[in-house]
Amino acid sequence: MTQGERDCRPDVLARHLSELPSDRVLRLPEMSADTVARTLARGTSDWPAGLVHRVLSATRTADLVTAMPDDIESAAIGLFPTWLPEAEHIREPGGAGLTTVRAVAAARARRSAHFGPFLGDLAAAALAGRATSRRRFPLEIRAVGLTRVMTDALHRDRLVLVIDVPAGLSAAAQHVVAAACEWIADRGRCGVWLTGAPLENIDWLASASLTEPSTGSAGARPAWPPVNGAPHPRSTAEAVLEAALAVRPWAAGRRWNQVHHFHPLRTPVRPDLLWVEERCVVEIDGREHCEPVRFEADRRRDVQLQLDGYAVLRFTNARVLYDVEAVVTQIGQFIEARRHELVKGTAWPTTT
């Protein structure tokens, strides 16, 4: 095996990533954001946690500096109450529930480095399933506060933002990206690793020469029939979930991203993940699913599926990426329960 082949092995890449500095801006010119995020997600508690941010606009530094904490906040809300376990049994998003969750957050802040008012606001927003009132706190407080929350949630002591840089940025836009990354690394007290398109006009950022792992040596194939369909090629969360499901025999029969006619008189749909016999739909939601029009459309479809006898389990991208074992456990419990109902003959009526 050559030195280059050794450097491309997934285990070698994982070790190299775990040893990179996670307190500054670093360029990884030969890596993809998804590979970095997947590798870090499978690491141990002494590795940094990785969160992908895809640069959509680089017109102004201030806009990009705001967009990065917004991404972290969306992930934090999706992971609630992992970072505030004392709030696990609080369910009511208003009234007494809000008062209680703020009190719990304040108590946790007194025992830690968290800023109490910010943690209370974030906990209340997470309980209600919405974004915070972001203008209440300066960006510096939000940035460092969200870093602490995410490291708590993921049981890591460091956070790295993996920035996916789009191709075709002008020289001015490249400077915007570099400035925003340096700001968030400094004020948010986290690492920022740049992947994607190179920044040809930026020559002062350090680089690490790592390469994508070789995919030529696949692991052992599952003993059950191959899955119909596949995770979306641009979804890291779907890839991580499939990797976790692929080694579990109970997950046989799953179908990824296939058009399905749930009812002959209705428009066919394409669920993210489906077990037909068990009548279980699993959806993996990114940030776009929080938009009002998309959110409403999702709920209308969920109701119709439920009326047709299908259960709909929804998980956020962040929950899958950073707590995939819990997600798999919950899906598995549901699938096994449905199969038990089928054996007993008490299952839902079948429609074709």
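One can find the structure itself at the top, above this paragraph.
Residues numbered from 1 in each chain as written. Predicted model: local features only at pLDDT ≥ 70, side-chain atom pairs only at ≥ 80, totals over all residues. Heavy atoms only, no water.

Asker: In this structure, what is going on with the environment of Glu140? I would like to understand it.
Answerer: Within the secondary structure, Glu140 is located in helix 7 (residues 139-154). Judged by its relative accessible area of 35%, Glu140 is partly exposed. Separated by 48 residues in sequence, Glu140 and Gly188 place their C-alpha atoms 6.8 Å apart. For Glu140, the contacting residues outside a window of four places in its chain are Trp183 and Arg187. (Helix = DSSP H or I, 4+ residues; strand = E, 2+ residues; numbered from the N terminus. Buried < 20%, exposed > 50% of the residue type's maximum accessible area, 1.4 Å probe, protein only. Contact = heavy atoms within 4.5 Å.)

Asker: What exactly am I supposed to notice about the packing of aromatic side chains here?
Answerer: Where two aromatic rings form a pair, the distance of their centres and the angle of their planes describe that pair. Inspection of the entire model under this criterion finds 4 aromatic pairs. On the basis of an interplanar angle of 80 degrees and a centroid distance of 5.6 Å, the ring pair of Phe118 and Phe137 is categorised as edge-to-face. With Phe118 in helix 6 (residues 116-128) and Phe137 in the loop between helix 6 and helix 7, the pair connects residues that are 19 residues apart, well separated along the chain. The burial state of Phe118 is the same as that of Phe137; both residues are buried. Clustering of aromatic rings is evident, with ring pairs tying together Phe115, Phe118 and Phe137. (Phe/Tyr/Trp six-rings, centres within 6.5 Å; stacked < 30°, edge-to-face > 60°.)

Asker: Could you clarify how one ought to interpret empty space enclosed by the protein in this entry?
Answerer: Space left empty within the atom packing is revealed by a probe, the size of a water molecule, rolled over the atoms. As enumerated under the stated definition, the model contains 1 cavity of 30 Å³ or more in all. By volume, the largest cavity is sized at about 60 Å³. What lines the largest cavity is Arg27, Pro29, Val165, Leu194, Thr195, Gly196, Ala197, Pro198 and Leu199. Of all the elements, strand 4 (residues 191-196) adds the most residues to the lining of the largest cavity, at 3 residues. (1 Å grid on protein atoms, 1.4 Å probe; cavity = no way out; pocket = protein on both sides within 12 Å on 5 of 7 lines; lining within 4 Å. Points joined across faces, edges and corners; volume = space filled by probe spheres on them.)

Fair warning: the whole summary comes from geometry, so function is off the table for now.
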